[in-house]
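So you can see what is in the structure, the chains are spelled out below.
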Amino acid sequence: QKYGKELLDIHRDMYLEAIEEGRTREIEAKMTAHLEGQRKTLTPEQMKRLSIFRVKRHFDKIDEVSKAVQRWSFSGKPSSSDSPAALPENWQFTLPVSVGDEVEADLGGAFFPAKVTKAAGNSYDVQFFDGDMETGLDRSMLKLLKPPAPKLEDTSSMTPKQLKRWKKKQEKKNN
């Protein structure tokens, strides 16, 4: 999330500079409109602005963030701006399983890809990729393939005042 925001900021800055350059070119075109028919030469300032090297700093920032993302992905650890609580080491076997979760089901010592179709207490029914079903599997026989997505709070029915309080509460949690 942190790296995505950094990349978004870099692209926003590039976009804003491009808009500003467009406006500057329009103004310059109006200022030189009386020179119709004459050959227009670029001033040193215009040449500098058109130089490809002026965007190099943006590409350097993008490269820096890309390398940081690569280091993070190879480390296998969540970044500090990821979820506040890191997943337990054996999360695949300990986190709760819900209907629709993709799992691997243990059938006699071998794990096979499946999707949970029913969850009742500690008993689960799954459907395998080939359509076969298995019922009444214990949680210990299931391995989650992806951690569950964090639960998002519905803020659509909050008043502006309630939303402001909620945002402050979230900021305190994250700091």
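Residues numbered from 1 in each chain as written. Predicted model: local features only at pLDDT ≥ 70, side-chain atom pairs only at ≥ 80, totals over all residues. Heavy atoms only, no water.

(A) Inspection of the packing of aromatic side chains at higher detail. What the rule picks out here adds up to one aromatic pair. Relative to Phe111, the ring of Phe93 lies with its centre 6.3 Å away and its plane at 65°, an arrangement referred to as edge-to-face. Separated by 18 residues along the polypeptide, Phe93 in helix H4 (residues 91-94) and Phe111 in strand S2 (residues 110-120) bring together distant segments of the chain. On the basis of relative accessible area, Phe93 is assigned to the partly exposed category, the value being 37%. Judged by relative accessible area, which is 34%, Phe111 ranks as partly exposed. (Phe/Tyr/Trp six-rings, centres within 6.5 Å; stacked < 30°, edge-to-face > 60°. Helix = DSSP H or I, 4+ residues; strand = E, 2+ residues; numbered from the N terminus. Buried < 20%, exposed > 50% of the residue type's maximum accessible area, 1.4 Å probe, protein only.)

(B) Molecular detail of the pairing of strand S1 (residues 102-107). Note: S1 against S2, six bridges, orientation antiparallel. Note that in S2 the partner of Leu107 across the bridge is Ala110. In textbook terms, the turn of a hairpin is the stretch between consecutive antiparallel strands, and for S1 and S2 this stretch comprises two residues, one of which, Gly108, has a positive phi near 70°. Bridging between S1 and strand S5 (residues 142-144) involves three bridges; their strand directions are antiparallel. Opposite Glu104, over in S5, you have Lys143 as the bridge partner. (Pairing = 2+ DSSP bridges.)

(C) Region of the structure containing the nonpolar core. Val97, Val103, Ala105, Val116, Val126, Leu142 and Leu144 are the most contacted members of the largest nonpolar core, which totals 13 residues. Mapped by element, the contributors of at least two residues to this core are S1, S2, strand S3 (123-128) and S5. Of all the elements, S3 adds the most residues to this core, at three residues. Once residues within four sequence positions are removed from consideration, Val103 is found in contact with Val97, Phe112, Pro113, Ala114, Val116, Val126, Leu142, Lys143, Leu144 and Leu145. Tyr3, Ile10, Ile62 and Val65 belong to the second largest nonpolar core, which has five residues in total. (Core = buried A, V, L, I, M, F, W, Y, C linked by side-chain atoms within 4.5 Å. Contact = heavy atoms within 4.5 Å.)

(D) Representation of the sheet that holds S5 in the model. Taken in spatial order, the five strands make up an open sheet running S4-S3-S2-S1-S5, and their pairing is antiparallel. Strand pairing shows two members of the sheet lacking a second neighbour, strand S4 (133-138) and S5, which therefore form its edges. Here the strands of the sheet are splayed against their neighbours by 45° on average, with no regard to which way each runs. (Axes fitted to C-alpha atoms, helices over the stretch in contact; angles between N-to-C directions.)

(E) Main features of the pattern of salt bridges. In the structure shown here, the tally under the stated rule is three salt bridges. Between Arg12 and Asp13 there is a salt bridge, with the nearest N and O atoms lying 3.0 Å from each other. When its relative accessible area of 24% is taken as the criterion, Asp13 is described as partly exposed. One salt-bridge network, in which partners are shared between bridges, spans Asp9, Arg12 and Asp13. (Salt bridge = Lys/Arg side-chain N within 4 Å of Asp/Glu carboxyl O.)

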